[in-house]
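Observations on chain architecture
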Number of protein chains: 4
Amino acid sequence: MLAEIKGLNEECGIFGVYGHTQAAHMTYYGLHALQHRGQEGAGVVVSNGQELKQAKGQGLVTEVLDENELMNLSGSSAIGHVRYSTAGGKTYENIQPLFFRSSTGSLAIAHNGNLVNANKLREELECSGSIFQTTSDTEVIAHLIKRSKQDVMIERVKESLCELEGAYAVVMLVENQLIVALDPRGMRPLSVGRVGSGYAVASETCAFDVVGAEYMREVEPGEILVIDDEGMHSDYFSKTKNRAICTMEYVYFARPDSNVDGNNIHSVRKRLGKKLAEVAPVKADVVTGVPDSSISAAIGFAEQSGIPYELGLIKNRYVGRTFIQPSQELRERGVQMKLSAVRKIVEGKRVVMVDDSIVRGTTSKKIVKMLKQAGAKEVHVRISSPPITHPCFYGIDTSNAGELIAANHSVEEIGEMIGADSISYLPIDSMVEAVDRQDSNPNCGHCLACFTGNYPTDLYEDSVPPYEKEQLIGAKN
Amino acid sequence: MLAEIKGLNEECGIFGVYGHTQAAHMTYYGLHALQHRGQEGAGVVVSNGQELKQAKGQGLVTEVLDENELMNLSGSSAIGHVRYSTAGGKTYENIQPLFFRSSTGSLAIAHNGNLVNANKLREELECSGSIFQTTSDTEVIAHLIKRSKQDVMIERVKESLCELEGAYAVVMLVENQLIVALDPRGMRPLSVGRVGSGYAVASETCAFDVVGAEYMREVEPGEILVIDDEGMHSDYFSKTKNRAICTMEYVYFARPDSNVDGNNIHSVRKRLGKKLAEVAPVKADVVTGVPDSSISAAIGFAEQSGIPYELGLIKNRYVGRTFIQPSQELRERGVQMKLSAVRKIVEGKRVVMVDDSIVRGTTSKKIVKMLKQAGAKEVHVRISSPPITHPCFYGIDTSNAGELIAANHSVEEIGEMIGADSISYLPIDSMVEAVDRQDSNPNCGHCLACFTGNYPTDLYEDSVPPYEKEQLIGAKN
Amino acid sequence: MLAEIKGLNEECGIFGVYGHTQAAHMTYYGLHALQHRGQEGAGVVVSNGQELKQAKGQGLVTEVLDENELMNLSGSSAIGHVRYSTAGGKTYENIQPLFFRSSTGSLAIAHNGNLVNANKLREELECSGSIFQTTSDTEVIAHLIKRSKQDVMIERVKESLCELEGAYAVVMLVENQLIVALDPRGMRPLSVGRVGSGYAVASETCAFDVVGAEYMREVEPGEILVIDDEGMHSDYFSKTKNRAICTMEYVYFARPDSNVDGNNIHSVRKRLGKKLAEVAPVKADVVTGVPDSSISAAIGFAEQSGIPYELGLIKNRYVGRTFIQPSQELRERGVQMKLSAVRKIVEGKRVVMVDDSIVRGTTSKKIVKMLKQAGAKEVHVRISSPPITHPCFYGIDTSNAGELIAANHSVEEIGEMIGADSISYLPIDSMVEAVDRQDSNPNCGHCLACFTGNYPTDLYEDSVPPYEKEQLIGAKN
Amino acid sequence: MLAEIKGLNEECGIFGVYGHTQAAHMTYYGLHALQHRGQEGAGVVVSNGQELKQAKGQGLVTEVLDENELMNLSGSSAIGHVRYSTAGGKTYENIQPLFFRSSTGSLAIAHNGNLVNANKLREELECSGSIFQTTSDTEVIAHLIKRSKQDVMIERVKESLCELEGAYAVVMLVENQLIVALDPRGMRPLSVGRVGSGYAVASETCAFDVVGAEYMREVEPGEILVIDDEGMHSDYFSKTKNRAICTMEYVYFARPDSNVDGNNIHSVRKRLGKKLAEVAPVKADVVTGVPDSSISAAIGFAEQSGIPYELGLIKNRYVGRTFIQPSQELRERGVQMKLSAVRKIVEGKRVVMVDDSIVRGTTSKKIVKMLKQAGAKEVHVRISSPPITHPCFYGIDTSNAGELIAANHSVEEIGEMIGADSISYLPIDSMVEAVDRQDSNPNCGHCLACFTGNYPTDLYEDSVPPYEKEQLIGAKN
């Protein structure tokens with residue numbers, strides 16, 4: 001129910017379970033643990049072995065599903081999805097799982113990530129007679145599977161996935177199988193676990209903790225898992241297996257109690273904060289973090305620097321979906337709903353304000369101003385990741401490059417623009433060090449595209465907003 | 001929207017403003033900042049100088065009031081209330097401010113605290129013909145004022161307040177005055193501030209920060225303030241002025257960014273944590289706090305002990321009002337909605353679990369178990385306040401003494417009951433030291449009744465649930 | 001759920017039951033049958049012999065109460081109320097039954113009608129210390145009962161009722177009694193019946209049919225009934241017993257399947273229509289009634305005149321509480337939501353349009369225009385009651401005299417204003433003949449005040465809106 | 001909001017408008033007039049010439065659309081749909097218009113009727129790669145259009161319609177055209193009219209009256225209309241043009257103020273009632289109709305027989321979507337929610353109860369019992385249509401033949417089963433005479449399949465529920 005104060009938004013979280021008598025309930029709780037990955041819509045599809053049933057709607061998991069509906073979704077396998085949606089696509093149709101009925105069997109798909117060649121594939125499919133009911137790139141996957149000439153489901157899916165380019169962690173449900181796949185670069189997190197005698201998959205491991213599942217392992221890049229009454233069967237649809245997992249999952253998106261590739265997110269963030277204190281030290285009286293995602297980094301910064309961590313900024317826990325925005329006049333007189341600076345903590349102090357990232361800079365500017373109005377003598381901004389200079393095409397709603405402050409301004413300029421007394425970002429190599437699994441898995445690479453512009457996949461005209469086309473497409477090809 | 005996981009609940013928060021063109025909007029934002037003090041109901045009464053209008057309802061401030069209703073509440077003075085209510089009294093009638101209409105003028109009252117002689121006064125009033133429409137002790141105050149033979153409002157109010165025994169911070173609104181009063185022991189926090197050329201009052205100073213008001217001072221014990229177009233006028237209705245402010249406001253209730261008697265709550269809690277580390281040290285690997293209210297104390301404990309603070313417990317931010325409780329079966333299999341232990345942080349570790357208080361012990365037991373199931377080798381419980389051995393009659397929903405674990409068990413027994421490897425509470429004197437204003441105000445005493453049984457007021461039969469009567473009433477008189 | 005298209009609105013319906021294991025359910029169904037008497041709010045208070053519980057809210061009975069709430073209202077006696085409220089008083093507080101708690105016992109009251117001396121009584125009560133929480137005249141009754149020095153409840157009630165002037169059918173509930181009373185002129189309908197071994201009372205007998213109760217008799221003017229475990233006891237608090245029942249109950253308000261004083265409403269209305277055809281015949285091709293309340297009169301007119309009854313006007317059954325009003329532009333282009341003229345029926349025809357009454361004339365004007373636009377060659381308006389020339393102060397929301405078209409215009413002028421080719425009203429004596437119980441009860445008089453200005457009670461300054469004061473008060477006193 | 005008390009349910013109503021600045025508003029009002037044809041779901045799709053937008057949801061038109069949504073649907077052409085849905089298919093996806101997006105243009109379809117070869121077509125389409133998201137037969141039409149190899153839209157549509165078998169009145173919207181078509185037998189009503197300089201189409205003419213449109217003519221069997229900026233262009237996709245319009249539209253479904261093939265429904269029903277009085281006279285005291293649909297027939301019966309028409313049965317206007325059903329115990333004690341018998345009217349009388357049809361007989365049985373309990377001496381049931389002996393496959397939810405009382409019982413048996421003192425149905429030829437356009441259009445035939453079993457189309461295995469298969473399919477082929 002917390003309104004976001006950031007300009008960065010993850011697009012989805014997915015969950016699946018096979019072989020549990022209360023599969024829909026488990027999915028409800030699993031999705032609830034993944035709610036931070038999307039608050040606009042939620043859905044569940046369940047199979048009882050004979051047929052699939054669904055329930056979905058706009059809002060939080062707890063708003064979309066009530067006890068009656070859940071009781072109605074009986075079955076021992078299920079998949080679910082929570083969704084963040086950009087302004088244009090808030091229609092019911094786009095809420096996932098997408099659900100397709102057919103006389104030869106139904107199919108439900110839930111997808112986290114973004115396909116960069118969806119528009120191209122869609123055009124080809126439409127030319128040969130497919131009709132689309134959503135604007136979602138996910139619907140393309142279903143059509144490809146349907147069109148495949150392969151005989152068995154698993155082969156149809158593999159053939160289809162090979163045509164996709166981009167980021168995709170997907171769970172699919174048919175009457176008697178749960179199918180799980182991750183793109184060949186493993187750009188989104190996806191883990192598999194055991195729950196009783198069955199299996200669970202989830203975007204983040206925090207969902208396992210909540211449903212009492214036991215973590216087994218990450219789904220690997222290019223891997224496809226088929227889970228049915230025979231157990232879990234692994235196969236690969238792609239030979240590429242160089243992981244390029246989104247670094248922002250560590251820095252900002254994932255829940256602090258999740259582990260990605262064996263790394264606990266809270267611990268990673270503390271390390272980011274410690275590194276930041278090493279490379280960008282500053283004389284100050286208190287360290288404060290921008291809630292909620294930067295708290296861990298701020299604590300790390302405080303531990304490393306010896307400057308005490310204090311609660312200089314506080315977020316109202318009760319900011320709901322619908323509240324009355326202060327008018328311009330009231331805002332100017334100091335009325336604020338979501339975040340407050342704590343005068344008693346910051347007054348007369350030199351404050352280190354730790355944040356995990358800056359997108360457009362407007363929020364940072366407000367927070368610096370808030371701290372100064374509350375009496376901070378100096379505000380030193382420390383960012384626990386490098387400047388975001390390039391847009392993301394893999395499922396994260398970064399504004400286009402025109403809106404990314406670091407795409408067009410130097411760090412010094414940014415510091416001035418937001419009113420900071422000093423500003424430092426964490427360098428890329430320091431970030432990678434902090435993020436790397438401490439027991440060092442050589443295969444575990446990261447997507448750093450938003451910091452470097454080195455996109456791990458080809459880009460296609462239609463996946464790129466007009467503004468960036470010239471630069472990016474030109475640059476890439 | 002966060003469901004409480006504690007057995008301790010504050011009964012109310014109050015806010016008032018005089019001399020601001022958008023008094024209702026200001027009250028909306030002020031109440032929103034006080035939402036943690038009560039989530040069951042909210043209300044606003046506004047005066048435009050000629051007449052009073054109200055809007056109230058069940059739920060959060062943001063749910064009760066929409067833009068249309070707020071626009072309809074035009075006027076330059078207003079009072080508001082957020083309410084926590086116990087199971088029996090969740091009726092619309094009890095939502096405050098209470099509003100009384102009369103041909104000679106209307107009156108609205110909002111009250112934080114609890115009167116211990118309400119039932120006695122009520123009986124007397126009923127005998128002489130008063131009829132009551134609520135079960136709220138607050139309605140008694142209105143009847144007393146109405147019955148007073150004094151000529152001017154202020155005198156009627158003073159006469160009435162003198163009959164009350166217990167805890168009360170009240171704001172009252174008539175057509176052209178805002179009246180503010182605090183009981184002679186100042187048992188509840190209440191501050192007054194300036195907002196533009198007008199005034200604001202609030203249960204906690206965090207509300208001032210949110211509406212851009214400037215803190216002036218605490219309302220003093222036994223003080224009555226009349227705010228009208230002439231300005232603010234102070235008077236005293238009681239000669240007793242020995243403050244006995246509720247210690248639990250510091251320990252648990254107040255928002256960390258509020259200041260009470262000049263003490264920042266977060267800082268007090270860090271000091272409580274530091275004291276706790278001094279008096280009850282333990283060899284351990286990580287310190288973790290029970291979110292949200294114990295985080296500050298845990299950070300203090302970590303700073304003092306040198307043991308790193310980690311996020312070993314995490315609360316789901318999206319636990320809404322209505323969610324589907326896991327069935328007994330699912331709970332036993334490990335399904336949990338609100339709080340998770342972070343395996344990666346606690347596995348194989350000796351964990352210090354810092355909490356601010358234990359009421360019935362059931363929650364603490366669950367959390368210890370959760371930490372152990374997540375692999376904690378040892379769990380050392382450290383409580384940043386003394387054992388709660390006596391019930392509160394001043395507006396806090398402590399269960400009766402029969403349910404208070406510390407009323408019937410030694411600390412050692414409690415440790416065993418909740419499964420801790422060790423347990424320590426902060427001694428009373430250490431707590432008082434930590435809470436005391438650092439610039440030491442000699443008048444600033446505390447109510448310690450729930451720790452000591454020394455109630456600062458007389459107690460009356462009807463204010464005491466059957467169970468405690470014998471012990472307490474006997475003891476006191 | 002049907003939005004009203006008339007300017008005439010009844011203020012209430014009341015229901016009570018004693019000695020039925022499912023008293024709240026019975027009240028739910030009884031109120032549902034009385035829903036046409038008020039759609040703005042509804043409430044139920046139930047007693048289980050020890051304590052009273054209530055549920056109430058804005059909207060229809062079926063919206064206010066759900067199964068859970070109803071299940072929670074266990075007990076064997078109950079009263080209920082449905083309410084129409086004028087714009088100013090749509091607050092929750094005014095929804096009835098009003099409910100007063102006291103250490104010596106609770107009291108709930110539901111009231112149909114309007115007291116003309118409420119303001120005067122209220123002032124007196126306030127002077128002696130009573131405080132009011134509603135703007136309802138009904139609250140006065142509770143205060144009077146509370147103030148009474150009599151020892152037993154029944155005597156307190158009788159003493160209080162003697163102070164009231166105006167129209168009141170009331171049901172009151174205390175822990176172990178259901179008390180029923182009707183004003184000394186019997187201005188509102190109120191019947192008592194048997195249900196199993198218990199009793200039921202209702203504003204209209206249609207509620208008895210719906211709950212399977214058996215009609216016993218009318219409550220008599222000035223009668224008070226006490227129903228308890230001893231049975232039903234009758235008494236009189238007033239010697240006046242000349243009934244002056246509201247004639248508009250017959251003409252417009254009551255449901256056609258109800259009987260008042262033994263007269264079936266549908267049959268009365270058919271007789272009104274027949275009389276109208278006798279006294280105001282016209283050459284025409286079809287007779288049509290304005291739905292719903294004028295259908296019976298139209299059928300009577302058709303039967304008497306031999307002109308066929310046709311469905312020339314139709315009302316949309318699905319006009320809900322919230323619908324989007326056609327814009328002025330669309331209305332001018334002929335868009336209409338609630339009522340349609342049926343072209344095929346009226347085109348080229350001479351139409352008799354039967355309506356039961358005209359208040360402001362605006363609706364009649366629209367309907368005549370609608371019929372003409374649908375091709376009617378002539379529209380002859382026939383009204384089955386006399387011109388309404390005076391406002392009602394007894395619980396019917398007739399606009400003030402300034403808005404009553406017949407208060408300021410001759411019948412001919414009205415005909416011209418509404419565009420009718422001819423217009424006739426039913427004369428008073430014809431109406432009285434039609435309304436009179438056919439087996440002629442000599443005591444059965446009618447209030448004809450809105451047609452004649454002869455008000456059966458004294459009028460008080462405050463009960464009369466400013467506009468009429470001079471004329472009426474002057475005229476009366 | 002009125003819950004249905006019949007077992008007969010129409011599946012849909014459709015509306016379209018082209019060339020009106022407020023096309024969505026017009027559709028809102030048009031659908032509102034057609035609400036009786038379906039109350040489960042409603043939707044609107046609008047085109048502004050460049051793109052299509054939609055809004056749809058479960059419930060009544062006035063519940064699904066609010067002012068904000070409607071304002072958002074700007075454009076000068078629109079189509080809409082109201083839907084009745086059977087238990088199994090109450091999913092959001094099935095709410096119409098169905099909306100398909102494509103890079104070469106969008107398509108929206110709204111359909112009234114039922115295709116009998118939908119399953120067969122669907123299987124063929126799925127075999128060649130189409131995927132379906134709904135269980136609606138309507139989705140088949142979209143896929144056929146998409147698959148067509150024709151170049152221009154109109155030809156693609158014509159080719160597709162030729163593959164359909166069954167009943168279909170459809171409106172389709174693309175960016176710049178409104179396309180309207182009726183099946184070759186014209187089994188469902190569909191009319192076209194002018195509205196300003198634009199056009200409107202509707203299932204029933206009552207929608208024209210409500211939006212101020214002028215009726216032009218019926219859409220003819222096998223006709224396709226293309227309406228665009230060039231005007232309205234008519235074409236035929238089928239040479240068969242023998243109308244076989246559903247007779248039940250006259251008898252039961254259509255609103256009394258609608259005209260079908262130039263026949264006013266109310267007038268037809270009066271004629272049905274008159275014929276019934278001729279062929280099945282009875283000595284009785286009063287005639288009463290089962291509300292609402294049988295009122296017209298009852299009035300006709302009364303006029304013809306000379307027995308007075310009275311309001312012997314009354315329906316509660318406030319029966320909403322959610323109300324608390326009386327328990328079995330209360331029902332047995334006489335509690336009833338929807339329909340009441342009026343004791344005063346029927347007591348001691350010989351009653352003619354006119355109804356339009358009997359499906360399962362359970363409702364008729366209840367009503368007869370109700371009349372007898374209210375004191376009716378005799379109840380003579382007169383049905384203004386013949387016995388329904390065969391199920392409908394063209395869009396009407398008649399229960400399968402196993403539930404149709406007249407499929408398995410003689411008229412005498414039915415009379416006994418429902419407790420009538422006598423019973424008569426209107427013979428088929430009398431019905432046809434009454435229904436026939438008085439100015440006699442020779443082409444105007446009727447579908448009488450539910451009375452005769454002579455289905456005007458082929459039937460397919462999958463369109464027929466298992467129970468009837470043997471009999472019917474066997475019989476037909």
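About the thresholds
Residues numbered from 1 in each chain as written. Chains lettered and ligands numbered in written order. Predicted model: local features only at pLDDT ≥ 70, side-chain atom pairs only at ≥ 80, totals over all residues. Helix = DSSP H or I, 4+ residues; strand = E, 2+ residues; numbered from the N terminus. Axes fitted to C-alpha atoms, helices over the stretch in contact; angles between N-to-C directions. Left-handed = near helix turned anticlockwise from the far one by under 90°. Contact = placed C-beta atoms within 7 Å. Nonpolar A, V, L, I, M, F, W, Y, C, P; charged D, E, K, R; others polar. UniProt positions renumbered as here; feature names shortened; annotations may be inferred. Buried ≥ 20, exposed ≤ 12 C-beta atoms within 10 Å, placed from the backbone. Core = buried A, V, L, I, M, F, W, Y, C linked by C-beta atoms within 7 Å. Pairing = 2+ DSSP bridges. Least-squares fit on C-alpha atoms with pLDDT ≥ 70 in both. pLDDT = per-residue confidence, 0-100.

**Regarding unusual backbone geometry**
Looking along the chain, the bond that leaves Gln96 of chain C and enters Pro97 of chain C is cis, with omega of 0°. For Pro97 of chain C, the location among the structural elements is in the loop between β4 (77–83) and β5 (98–100). That bond from Pro291 of chain D to Asp292 of chain D is cis: its omega, -5°, falls within 30 degrees of zero. By secondary structure assignment, the location of Asp292 of chain D is in the loop between β17 (286–289) and α10 (295–305). The phi torsion at Asp261 of chain B lies on the positive side, around 50°, for a residue other than glycine. Mapping Asp261 of chain B onto the fold places it in the loop between β15 (259–260) and β16 (263–264).

**With respect to the packing of helix α9 (residues 265–279) of chain C against helix α16 (residues 428–435) of chain C**
All names here are of chain C. Relative orientation of the contacting elements α9 and α16 amounts to 145°, with a least axis distance of 8 Å. Crossing angle aside, the handedness with which α9 passes α16 is right-handed. Contacts from Val268, Arg271, Leu272, Lys275 and Val279 in α9 reach Ser430, Met431, Glu433, Ala434 and Val435 in α16. Considering only residue class, the contact of α9 with α16 consists of six nonpolar, one polar and three charged.

**Observations concerning the UniProt feature "binding site: Mg(2+)" (unreviewed entry) in chain A**
Residues and elements named next belong to chain A. Per the UniProt entry, the sites bearing "binding site: Mg(2+)" (unreviewed entry) are Ser293, Asp355 and Asp356 in this numbering. Spanning 64 residues, the named residues form one tight spatial group whose C-alpha atoms are at most 8.0 Å apart. On the basis of neighbour counts, which here come to 24 C-beta atoms within 10 Å, the residue Ser293 falls in the buried class. When residues no more than four places from it in sequence are discounted, the contact partners of Ser293 are Tyr252 and Asp356.

**What about the nonpolar core?**
Where a protein is soluble and globular, its nonpolar side chains tend to be buried together. Formed by 317 residues in total, the largest nonpolar core has its most connected members in Leu371 of chain A together with Leu371 of chain B. The residues contacting Leu371 of chain B, other than those within four sequence positions of it, are Gly312, Ala341, Val346, Val351, Met353, Ala376 and Val379 of chain B. In terms of nonpolar packing, the next biggest core, distinct from the first, is built from 316 residues, Met187 of chain C together with Cys206, Phe253 and Val335 of chain D among them.

**A closer look at the environment of Glu126 of chain C**
One can find Glu126 of chain C in helix α4 (residues 118–127). The spatial distance from the C-alpha of Glu126 of chain C to the C-alpha of His446 of chain C is 35 Å, given a sequence separation of 320 residues. In this structure Glu126 of chain C touches Ser102, Ser103 and Thr104 of chain B, once residues within four positions along its chain are discounted.

**Describing the sheet that holds β5 of chain C**
Residue and element names in this part refer to chain C. Here we have six strands laid out as an open sheet, ordered β5-β6-β7-β8-β12-β13, and antiparallel in their pairing. Sheet topology places β5 and β13 (231–236) at the edges, where each strand pairs with a single neighbour. On average, adjacent strands in this sheet sit at an angle of 15° to one another, irrespective of strand direction. Two strands pair when backbone bridges link them, and strand β7 (residues 169–174) and strand β8 (residues 177–182) are joined in this way by six bridges, in the antiparallel orientation. Looking at the pairing, Met172 lines up with Ile179 of β8. Set on the sheet, helix α5 (residues 138–147) makes contact with β5, β6 (107–112) and β7; between it and β6 the angle comes to about 140°.

**Focus on the interface of chain D and chain C**
Taken together, the 54 residues of chain D in the interface contact 54 residues of chain C. Among the residues making up the side of chain D that touches chain C, the classes are represented as 25 nonpolar, 18 polar and 11 charged.

**Points about the UniProt feature "active site" (unreviewed entry) in chain A**
All names here are of chain A. UniProt tags Cys12 as "active site" (unreviewed entry). Note on placement: Cys12 falls in strand β1 (residues 12–18). Under the C-beta neighbour-count criterion, Cys12 is labelled buried, with 25 such atoms within 10 Å. Ignoring sequence-local partners within four residues, the contact set of Cys12 consists of Arg37, Gly38, His81, Val82, Arg83, Tyr84, His111 and Asn112.

**Description of the relation of the copies chain B and chain A**
When chain B is brought onto chain A, the operation consists of a screw motion whose angular component is 180° and whose axial shift is 0.0 Å, with 0.0 Å RMSD remaining. Such a combination of rotation and displacement between the chain copies is what one expects of a two-fold axis. Comparing interface residues between copies, 100% of those in chain B also lie at the interface in chain A; the contact surface is shared.

**Quick notes on the interface of chain B and chain A**
One frequently used descriptor of interface size is the decrease in accessible area upon assembly of the parts. Facing 54 residues of chain B, the contacting portion of chain A comprises 54 residues. Contributing elements (two or more residues each) for the side of chain B that touches chain A: α1 (23–33), α2 (61–64), α3 (67–72), α7 (206–211), α9 (265–279), α10 (295–305) and α12 (343–346) of chain B. Taken together, the residues of the side of chain B that touches chain A break down into 25 nonpolar, 18 polar and 11 charged.

**Focus: the sheet that holds strand β22 (residues 422–425) of chain D**
Residues and elements named next belong to chain D. Spatial ordering of the open sheet is given by β17-β20-β21-β22, a layout of four strands whose pairing is parallel. Since the sheet does not close on itself, it has two edges, and those belong to β17 and β22, each with one partner. The average angle at which neighbouring strand axes cross in this sheet is 20°, direction not considered. Against the sheet, helix α15 (residues 411–418) contacts β21 (378–383) and β22, and its axis sits at roughly 130° relative to β22.

**Comments concerning the relation of the copies chain D and chain C**
The relation between the two copies of this chain is a rotation about an axis and a shift parallel to it. With an RMSD of 0.0 Å, chain D superimposes on chain C once it is rotated by 180° and translated 0.0 Å along the axis. Mapped onto chain C, 100% of the interface residues of chain D again fall at the interface, so both copies present the same surface.

**Points about the confidence of the model for chain A**
Residue and element names in this part refer to chain A. A residue-level look at chain A finds 89% of positions with pLDDT of 70 or above and a mean pLDDT of 87. Low pLDDT (under 50) marks residues 86–90, which in the prediction has five contacts with non-local residues, meaning those over four places away or in another chain. Note on residues 465–477: pLDDT is under 50 here. Beyond four places in sequence and across chains, it has 16 contacts. With pTM at 0.83, the complex prediction returns an ipTM value of 0.85.

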